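# Architecture and fold: a report
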Amino acid sequence: MKRIFFLFLLMTSMAVMAQESIPQDTTLYLNGRKVVIKERDGKIKVKMYEAKTENDTIENTQVFEGVYLDGRSIERTTTVSVPFMKKKKGNYRFDPHYPAFYFGFDKLAGSKFQYSAEVPQLGSKSWEWGINLFNTGVAITPNNHWGLTTTLGFARIVHKLDDNYGFEKLDGITVCRPAEGDTEYQKSWLRYWAFRLPVSLEWQTRFGSRRAFLAAGPEVEWRVGVKSRAKYDNKKHTLSDKLNTHPLGLNLLLQAGYGCLGFNARFALTSLFEKNKAPELYPASIGIGLYW
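Report follows, based on the coordinates. Predicted, not measured: the structure shown is a model, and the values here were computed from it.

## Considering the pattern of salt bridges
- Under the criterion given, the structure shown has 11 salt bridges.
- Here Arg196 ties to Glu221 by a salt bridge, and the two come within 2.7 Å at their closest N and O atoms. Here the residue Arg196 occupies a position in strand 11 (residues 187–207), and Glu221 occupies one in strand 12 (residues 210–232), the gap between them amounting to 25 residues. Each member of the pair Arg196 and Glu221 is classed as buried.
- Overlapping salt bridges, with partners in common, bring together Glu128, Arg196, Glu219, Glu221, Arg223 and Arg266 in one network.

## Observations regarding the side chain of His97
- Secondary-structure assignment places His97 in the loop between strand 5 (72–77) and strand 6 (99–109).
- Polar side-chain contacts of His97 include one of 3.1 Å to the backbone oxygen of Asp95.
- Excluding residues that lie within four positions of it along the chain, His97 makes contacts with Glu202, Gln204, Arg211, Phe213, Gln255, Tyr291 and Trp292.

## Digging into the nonpolar core
- One finds Phe167, Leu190 and Phe273 to be the most contacted residues of the largest nonpolar core, which totals 17 residues.
- Those elements giving two or more residues to this core turn out to be strand 6, strand 8 (146–161) and strand 11.
- Other than its neighbours up to four places away in sequence, Leu190 contacts Ile157, Val158, His159, Phe167, Val226, Lys227, Ser228, Leu243, Leu272 and Phe273.
- Within the second largest apolar cluster, 5 residues are counted, among which are Val35, Ile37, Val46 and Met48.

## Describing the side chain of His159
- Relative to the helices and strands, His159 resides in strand 8.
- Within the local environment of His159, its side chain forms a polar contact with the side chain of Gln121, the two groups lying 3.3 Å apart.
- The residues contacting His159, other than those within four sequence positions of it, are Asp106, Lys107, Leu108, Gln121, Ser126, Ser188, Trp189, Leu190, Tyr192 and Pro283.

## Thoughts on a nonpolar patch on the surface
- Judged by side-chain polarity, Leu133, Phe134, Leu152, Phe195, Leu197, Val220, Trp222, Leu248, Leu250 and Trp292 come together as a nonpolar surface patch covering roughly 960 Å² of accessible area.
- Taken together, the elements giving at least two residues each to the nonpolar patch come down to strand 7 (127–139), strand 11, strand 12 and strand 14 (248–258).
- Secondary-structure assignment places Leu197 in strand 11.
- Looking at Leu197, the relative accessible area reads 44%, which means it is partly exposed.

## Side note on the pairing of strand 9 (residues 165–170)
- Across 6 bridges, strand 9 lies against strand 10 (residues 173–178) in antiparallel orientation. Bridge pairing in strand 10 links Gly166 to Arg177.
- The hairpin turn running from strand 9 into strand 10, its antiparallel successor, is 2 residues long, and Asp171 in that turn takes a positive phi close to 55°.

Parameters and conventions
Residues numbered from 1 in each chain as written. Predicted model: local features only at pLDDT ≥ 70, side-chain atom pairs only at ≥ 80, totals over all residues. Heavy atoms only, no water. Salt bridge = Lys/Arg side-chain N within 4 Å of Asp/Glu carboxyl O. Helix = DSSP H or I, 4+ residues; strand = E, 2+ residues; numbered from the N terminus. Buried < 20%, exposed > 50% of the residue type's maximum accessible area, 1.4 Å probe, protein only. Polar contact = N/O pair within 3.5 Å; in protein donor to acceptor, adjacent residues only side chain to side chain. Contact = heavy atoms within 4.5 Å. Core = buried A, V, L, I, M, F, W, Y, C linked by side-chain atoms within 4.5 Å. Patch = residues over 30% accessible without salt bridge, like charges linked within 9 Å, V, L, I, M, F, W, Y side chains within 5 Å. Areas by Shrake-Rupley, 256 points an atom, 1.4 Å probe, with all protein chains shown as cover. Pairing = 2+ DSSP bridges.

Given below as structure tokens:
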């Protein structure tokens, strides 16, 4: 406002000069800026340029232009964007989204991008829960609505089996088969821990006071503590803890949400077990999460 008020006074004084028939072009240097004042055909035009150093101006970096005519002032300001500068308050800020806690239902599918059990499985009792320890992200568009994000977390996965089936290892091959003889499984399950590191492309925007977001990307999963367990004779037994599983897996993670509530889906892109040493099964899950 001080600059505009100063220029207004300057144009007013030049208008008086024009009325006195003393037309002239004037160049001033003020606080590292170059101000050019021209009078033509009753119009007084004022232009302001940024200067590199004293008496060394850049003509193509005009930051202000004003025209004074018949008591009216017309102003035009040019904004120069500078990278790596802090944005003004009120600009949209990019915030990555990953759930602090999530819970979902699991299936062991026969192929990628499916959510259907390939083995006898209790879908309502096959679940996973997980916690993400921290997340971070960086905006990749000028409006800060698109960005790349990542997090590090861990999860507990349990696949409950049905029809008296369990995972076992026979002659070096992992199989899913019924209990032998007269053994009746009260329940059986395959469980493991997983450390997860996703990298997602995220879009987000603000609706009202909250944010909506969509995200998708690959996720590396490191599996530990894989065991096949069963309960019979009122005791828990380990059927096998060496099941030819891949310690590392690759998933596709999909997320969508609004505010602190969101949904996620996870589809394995690599088989849980080694090829030709076990059934080809791809873990998949659909769940809900509380987002940071």
